[in-house]
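Structural characterization, general
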Amino acid sequence: MARNRCDGLLAKVDFPLYTLQTLTNRHVIVAGGGGASNTGVANGFEIFELSHNGSKFVAEEVMRHETGPNVVMNLSVRNIQNRTYLTAGQESHCQLYKVNIRMVDAAEMRRGSFRAENGLVRRRRRTVSENDNISKMDNNCNTTEKRISFEMRPGDSVQTDFGEDPLQRVVSISPIGNLMATGGVDGLVRVWSFPQMQLLFELQGHTKELDDLDFSPCGSKLVSIAKDGFAHVWSSEAKAAPLLQLTCQPPNGTKFLFRRCKFAMVEDKPDQHRMFTVANPLSRSGKQRGLLQLWEPDSGVLQKSVVCNEALSALTVRDDGRFVGVGTMFSGSVDIYIAFSLQRVLHVKSAHRMFVTGLSFLPVRGYGPSITSRSEAALLSISVDNCLVVHALPERSTMPAWLAIILIIFVLFCTFCVCSYLGI
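Computed from a prediction, not measured in an experiment: that's the story for all the values here.

Conventions adopted
- Residues numbered from 1 in each chain as written.
- Predicted model: local features only at pLDDT ≥ 70, side-chain atom pairs only at ≥ 80, totals over all residues.
- Heavy atoms only, no water.
- Pairing = 2+ DSSP bridges.
- Helix = DSSP H or I, 4+ residues; strand = E, 2+ residues; numbered from the N terminus.
- Axes fitted to C-alpha atoms, helices over the stretch in contact; angles between N-to-C directions.
- UniProt positions renumbered as here; feature names shortened; annotations may be inferred.
- Salt bridge = Lys/Arg side-chain N within 4 Å of Asp/Glu carboxyl O.
- Buried < 20%, exposed > 50% of the residue type's maximum accessible area, 1.4 Å probe, protein only.
- Contact = heavy atoms within 4.5 Å.
- Polar contact = N/O pair within 3.5 Å; in protein donor to acceptor, adjacent residues only side chain to side chain.
- Patch = residues over 30% accessible without salt bridge, like charges linked within 9 Å, V, L, I, M, F, W, Y side chains within 5 Å.
- Areas by Shrake-Rupley, 256 points an atom, 1.4 Å probe, with all protein chains shown as cover.
- Core = buried A, V, L, I, M, F, W, Y, C linked by side-chain atoms within 4.5 Å.
- pLDDT = per-residue confidence, 0-100.
- Phe/Tyr/Trp six-rings, centres within 6.5 Å; stacked < 30°, edge-to-face > 60°.

Attention now goes to the sheet that holds strand E8 (residues 93–105). The strands that make up a sheet pair up through hydrogen bonds in the backbone, lying either parallel or antiparallel. One open sheet holds the four strands; their spatial order is E6-E7-E8-E10, and the pairing between them is antiparallel. Because the sheet does not close on itself, it has two edges, and the strands there are strand E6 (72–80) and strand E10 (146–159). In this sheet, neighbouring strand axes are inclined to one another by 25° on average, regardless of whether the strands run parallel or antiparallel.

On to the UniProt feature "repeat: WD" (unreviewed entry) in the protein, then. Under the feature "repeat: WD" (unreviewed entry), the UniProt entry names residues 171–202 and 203–235. Across residues 171–202, the secondary structure splits into 0% helix and 59% strand, with the terminal C-alpha atoms separated by 14 Å. Strand forms 58% of residues 203–235 and helix 0%; the C-alpha atoms that close the span are 10 Å apart.

This brings us to the sheet that holds strand E18 (residues 244–247). Read across the sheet, four strands follow the order E15-E16-E17-E18 without closing on themselves; strand pairing throughout is antiparallel. Here the strands that pair on one side only, and so sit at the sheet edges, are strand E15 (210–215) and E18. Ignoring strand direction, the axes of neighbouring strands in this sheet form an average angle of 20°. Taken together, the four bridges between strand E17 (residues 230–235) and E18 define a ladder with antiparallel strand orientation. Residue pairing in the sheet places Ala231 in a bridge with Leu246 of E18.

Pairs can form between side chains of opposite charge whenever their charged atoms are close. With the rule as written, the count across this model stands at 14 salt bridges. Across the pair Glu66 and Arg64 runs a salt bridge, and its minimum N-O distance is 3.2 Å. The buried category is assigned to Arg64, whose relative accessible area is 5%. With a shortest N-O distance of 3.5 Å, Arg153 and Glu151 are connected by a salt bridge.

Counting buried residues in strand E21 (residues 291–296) gives five out of six residues, a clear majority hidden from the surface. Sheet analysis places E21 next to strand E22 (residues 301–307), joined by six bridges and oriented antiparallel. Its bridge partner being in E22, Leu291 is matched across the sheet by Val307. Between the end of E21 and the start of E22, which pair antiparallel, lie four residues, with Gly300 showing a positive phi angle near 80°.

Here we come to the environment of Glu209. For Glu209, the position within the fold is in the loop between strand E14 (198–203) and E15. In sequence terms Glu209 and Gly187 are 22 residues apart; their C-alpha atoms lie 4.4 Å from each other. With sequence-adjacent residues up to four places away left out, Glu209 is seen in contact with Arg169, Gly184, Val185, Gly187, Ala226 and Lys227. Of note is the side chain of Glu209, whose polar atom sits 3.2 Å from the side chain of Arg169.

Take the side chain of Asp335 next. Inspection of the secondary structure puts Asp335 in strand E25 (residues 334–338). Within the local environment of Asp335, its side chain forms a polar contact with the side chain of Arg344, the two groups lying 3.4 Å apart.

Another aspect to go through is a nonpolar patch on the surface. On the surface, Val418, Tyr421, Leu422 and Ile424 cluster together into a nonpolar patch covering about 530 Å² of accessible area. Residue classification places Val418 among the partly exposed positions, given a relative accessible area of 48%.

Okay, the nonpolar core next. By size, the foremost hydrophobic cluster in this structure holds 20 residues, and its most contacted members are Phe48, Leu50, Phe57, Leu380 and Leu388. Contributing elements (two or more residues each) for this core: strand E1 (7–12), strand E2 (17–22), strand E3 (27–33), strand E4 (43–52), strand E28 (375–383) and strand E29 (387–394). Core analysis: the second largest hydrophobic core is formed by 17 residues, Val62, Val77, Ala88 and Tyr97 among them.

A word on the confidence of the model for the protein. Caution is warranted with low-pLDDT regions, since their predicted coordinates should not be read in detail. Chain-level pLDDT for the protein is 86 on average; 85% of the residues reach the 70-or-more range. Across the protein, the element-wise mean pLDDT spans from 40 in strand E9 (residues 121–122) up to 98 in strand E12 (residues 179–184). Confidence over residues 1–6 falls short of pLDDT 50; this stretch has 24 contacts with residues more than four positions distant or in other chains. A low-confidence stretch, residues 113–143 (pLDDT under 50), is modelled with 49 contacts involving residues beyond four sequence positions or located in other chains.

This part takes up the environment of Leu222. Residue placement: Leu222 occurs in strand E16 (residues 221–226). Given the relative accessible area of 0%, Leu222 is considered buried. Setting aside its immediate chain neighbours within four residues, Leu222 contacts Ala181, Val189, Val191, Leu203, Leu213, Asp214, Phe215, His232, Val233, Trp234, Ser236 and Phe263.

Considering the arrangement of structural elements, one finds Thr254 in the loop between E18 and strand E19 (256–266). The exposure class assigned to Thr254 is partly exposed, which follows from its relative accessible area of 32%. Between the C-alpha atoms of Thr254 and Asn280, which are 26 residues apart in sequence, the distance is 9.9 Å.

On to the packing of aromatic side chains. Applying the stated criterion to the full structure yields four aromatic pairs. Ring geometry for Phe45 versus Tyr97: centroids 5.5 Å apart, planes at 90°, classification edge-to-face. Of this pair, Phe45 sits in strand E4 while Tyr97 sits in strand E8; the two residues are 52 residues apart in sequence, bridging distant segments of the chain. An identical accessibility class is assigned to Phe45 and Tyr97; each is buried. Here the aromatic rings of Tyr85 and Phe194 are separated by 5.7 Å at their centres, their planes lie at 80°, and the arrangement is edge-to-face. Placement of the pair is Tyr85 in strand E7 (residues 83–90) and Phe194 in the loop between strand E13 (189–193) and E14, with a sequence separation of 109 residues.

And the structure:
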């Protein structure tokens, strides 16, 4: 049975959110926008620093980067040799950013005086009362506290889709950091060298636009799904035919289409990996029920499948491969499952007012110290309702040590009484 919810609103921005990624164990980046139309809704991304105050998770805005008329629909982040890179899908192009991580004075960050050298970063405006409180905090500080801040430096921008109405729908950087894969409405998977952003080859196999793609943990394989109903597993090292071609296997014979796909490592077995997909019914009539499925990616054998209460829109896996998170299409609900068994352990009904557009677990193997909290996992979710929300999976309840000692003493006492009564 799913455990009780423990979640809360972390932040609300002034533009719709379409994608999120974690930069460090404590920093998350969210992105989206209102598009090129003159609506007054910004386009870009924001970075928040997360912490836990002993009772709940809280978020503080670190920086904001606006992208002009280009809405950010998809992101991928990778740390390569102590350098962090970010790629952002902006219409038909993919924009590379070099993310410089800097340690600055906490007081300087609170005052908002820190600026990136490219001039495109602005901090949230503060009220007078906030500035007064900040001044008091600075005056009371006897030591200089250091905080992480970021500089976004735009790099190369390359066109990654060449359809009739070109649009990059997904981007992924390999775990090793030497390759980048993109997919769009023209149905081609393009593999690029990274961070040079030079096209290496195109993978042809889908007949309709791409919905998702992901590299395996070792980087040697790439999975892609499209609206043609197929999931293809490729070798990421050379242009070739798909190693596997999968179709959704629903329990009742109804036609389903894949929606999202993710590779994941197996806990404590870095040389093994799993593959997860979510799929929705092709028919839009009646109440739709989505599928969460676990595959053996070498043989293409379906290992487990669970039926969800409604159609699914988002999928993520924690970096250690232990938990899977899904988001729903209609009610904006969020669920957490155990990866190997697909047992649901947390259900958050109507976490958002609209469909969930992105999910990401707080990492346990990422850059920097992890957040200390009384939870087994923390799942972040976003939606076009502009909200960033956290869903914490409470720790399994354990028996206090003092109670265990009392029970042991009681059992020993009862045993002694029985033995005395029997004359043993």
